[in-house]
Amino acid sequence: MRAPVPGIIAAILLGVLTACGGNGSDELADAAPTTTAARQPMNVAEVVGGLEHGWDVGFLPDGRVLVTERPARLTLVEGTTATRVRADLSDIYVQGEGGLMGMVVHPDFDRTREFTMCQTYQENGQPVDIRLVTWRLSPDYRAATRVRDLLTGLPINESGRHSGCRPTIAADGALLVGTGDTASDPTIPQDRTSLGGKVLRIDLRTGKGLPDNPFASSTNPNERRVYTYGHRNVQGVAVRPGTGQVYISEHGPTGFDEMNRLQPGGNYGWDPSRGGTVEHYDEDVPMTDLQRFPNAVPPLWTSGASSTEAPSGAAFVSGQQWGDLNGALSVVALRGQKMLLFLLDSGGGEVSHVVLPAEFNDRFGRLRAVRRAADGALYVTTSTGSDDKLFRVTPANSGG
């Protein structure tokens, strides 16, 4: 076992959280040091309440915040006031895990006022697909108009299950999109011509795959968009500051939730079709099947067989005010109702510790989004479905 991080006393929870460190096995045993106390506390301040399934958070240059709510609502937060943004979201298919989901504010928002959202799409009440739609916010911040369908054709399940969908801007300006596999057609995760069960890397203006993508030479336009594949339901995408390294959080079936570091072109080993030998969506296969796919990328961390966290949003903690937690990867959990902070080694290829902040552990219910603001504060949404909250999280010694 590694020595604890300075200033942190480890309380190890055996059999709950498991670190892989790339050991190449899906039968993972060594417990990761997990701490709960004896570190700087956090300030958790409620910004607004009254939301419903707050799905994602986008920061505007002047400090205002946009929040997507899964039942097809877009909310502007100014200080501690929440106002509904007028937008025609009537074609969104709200069912189960589907609706209005992830979002990104464009880097050139000052000039274009554009942002892009993931949304399920329906015609005549029937689900058609999941798509990325670019919108423009009005000068008075009160309305949004549709600019373009950036990318259509992401697969959808009538039940809304495993809809994904988390977009994040990469260090080079590319748009990364974590998608779900729909929990229906079992061939989707391993089919590189399908946009489901993938992390996509596309041009934020055109929706096309970028010329340096791993499958850029493919004749299939969808395959040209694929960055990684073999995923189940990617709900968090985070870029490590100063490195460009990309990490995702991913729902496992029963147990075996994962945190992964992305390798371009990598197969992450989820195959509910058992190599095309079954027609139903078989969830009894390994989350990362290293027997069927010996070259699959093993998870950086897994919850193991005994724990289901349902990890959702992910964001890196950044800023000297965070002390020992500066550089940690923050992941929030739905079923686990907690925040997990992954402390990585300098190369980013191994988890040294997992910290569970007591301020979040089972206090606020299901947690959906975590995003880092320009000042280093973390913004977290709850997803209980009734009077959901947006919280601002800072280290207690920073003055909030």
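Given the structure is predicted, the values throughout are model-derived calculations rather than measurements. (Residues numbered from 1 in each chain as written. Predicted model: local features only at pLDDT ≥ 70, side-chain atom pairs only at ≥ 80, totals over all residues. Heavy atoms only, no water.)

Let us look at the overall build of the protein chain. Along the protein chain, the regular secondary structure elements total two helices and 26 strands. Considering the protein chain as a whole, with its 400 residues, one finds that 60% of them fall into the buried category. A total accessible area of about 14900 Å² is found for the protein chain, and carbon and sulfur atoms account for 45% of it. (Helix = DSSP H or I, 4+ residues; strand = E, 2+ residues; numbered from the N terminus. Buried < 20%, exposed > 50% of the residue type's maximum accessible area, 1.4 Å probe, protein only. Areas by Shrake-Rupley, 256 points an atom, 1.4 Å probe, with all protein chains shown as cover.)

Here we come to the pairing of strand β26 (residues 388-395). Across the eight residues of β26, eight count as buried, placing the element largely inside the fold. What you see with β26 is no split at all: Asp388, Leu390, Arg392 and Thr394 on one side and Lys389, Phe391, Val393 and Pro395 on the other are buried throughout. Summarising the sheet, strand β3 (residues 42-51) and β26 pair through seven bridges and their orientation is antiparallel. Considered in β26, the bridge of Ala45 is made with Arg392. Judged from the four bridges that link them, strand β25 (residues 378-382) and β26 form a sheet pairing that is antiparallel. By the bridge assignment, Val380 is partnered in β26 with Phe391. As consecutive antiparallel partners, β25 and β26 are separated by five residues, and within that stretch Gly385 has a phi angle of approximately 100°, a positive value. (Pairing = 2+ DSSP bridges.)

It is worth spelling out the state of the cysteines at this point. Overall, the coordinates contain one disulfide when judged by the stated rule. Across the disulfide from Cys118 sits Cys165; the S-S distance is 2.1 Å. The sign of the -45° torsion about the S-S bond sets the Cys118-Cys165 disulfide as left-handed. You can see Cys118 sitting in strand β9 (residues 114-123) and its partner Cys165 sitting in the loop between β11 (144-154) and β12 (166-169), a full 47 residues away along the chain. (Disulfide = S-S within 2.5 Å.)

A full pass over the atoms with the stated rule returns 28 salt bridges. Of the charged contacts in the structure, one is a salt bridge between Arg205 and Glu114, with a shortest N-O distance of 2.5 Å. Taken as a pair, Arg205 in the loop between β14 (199-202) and α2 (221-225) and Glu114 in strand β9 lie far apart in primary sequence, 91 residues in all. On the basis of relative accessibility, which here comes to 32%, the residue Arg205 falls in the partly exposed class. Look at Glu114 and you get buried, because its relative accessible area is 3%. (Salt bridge = Lys/Arg side-chain N within 4 Å of Asp/Glu carboxyl O.)

Our focus in this paragraph is the sheet that holds strand β6 (residues 73-78). What the four strands build is an open sheet, ordered β4-β5-β6-β7; its pairing is antiparallel. In this open sheet, the two strands that pair with only one neighbour each are β4 (54-59) and β7 (81-84). Across the sheet, the axes of successive neighbouring strands diverge by a mean angle of 25°, strand direction being ignored. Of the strand pairs in this sheet, β6 and β7 are connected by four bridges, and their pairing is antiparallel. Within β7, the residue paired with Leu76 across the bridge is Thr83. (Axes fitted to C-alpha atoms, helices over the stretch in contact; angles between N-to-C directions.)

This part takes up the nonpolar core. Nonpolar side chains in soluble globular proteins generally cluster together in the buried interior. Core analysis: the largest hydrophobic core is formed by 21 residues, its most contacted members being Leu132, Leu151, Cys165, Leu175, Val177, Leu200 and Ile202. Sorting the residues of this core by element identifies β8 (100-105), β10 (126-137), β11, β13 (175-178) and β14 as the ones contributing at least two each. Here the element with the most residues in this core is β11; it accounts for three residues. (Core = buried A, V, L, I, M, F, W, Y, C linked by side-chain atoms within 4.5 Å.)

To continue, consider the confidence of the model for the protein chain. Taken over all residues, the pLDDT of the protein chain has a mean of 91, while the share at 70 or more is 90%. Segment residues 1-18: pLDDT under 50, and 58 contacts once partners within four positions in sequence are set aside and those in other chains are kept. Of the regions scoring below 50 in pLDDT, residues 21-33 engages in 35 contacts with residues more than four places distant in sequence or in other chains. (pLDDT = per-residue confidence, 0-100. Contact = heavy atoms within 4.5 Å.)

Let's shift gears to the environment of Arg166. Structurally, the position occupied by Arg166 is in strand β12. Sequence separation of Arg166 and Val237 is 71 residues, and the distance between their C-alpha atoms is 6.6 Å. Separated by 3.0 Å, the side chain of Arg166 and the backbone oxygen of Trp55 make a polar contact. Among the polar contacts listed, one links the side chain of Arg166 to the side chain of Asp56, at a separation of 3.2 Å. (Polar contact = N/O pair within 3.5 Å; in protein donor to acceptor, adjacent residues only side chain to side chain.)

What characterises a pair of aromatic rings is the spacing of the ring centres plus the angle enclosed by the ring planes. Scanning the entire structure with this criterion turns up seven aromatic pairs. Between Trp270 and Tyr281, the ring centres sit 6.1 Å apart and the planes meet at 65°, which makes this aromatic pair edge-to-face. Of the two residues, Trp270 is situated in the loop between β18 (258-261) and β19 (301-302) and Tyr281 in the loop between β18 and β19; the sequence distance between them amounts to eleven residues. An aromatic cluster is present here, built from Phe360, Phe364 and Phe391 joined pairwise through their rings. Here the guanidinium or amino end of Arg64 rests over the ring plane of Tyr141, the centre of that ring lying 3.6 Å away. (Phe/Tyr/Trp six-rings, centres within 6.5 Å; stacked < 30°, edge-to-face > 60°. Lys NZ or Arg CZ within 6 Å of the ring centre and 35° of its normal.)

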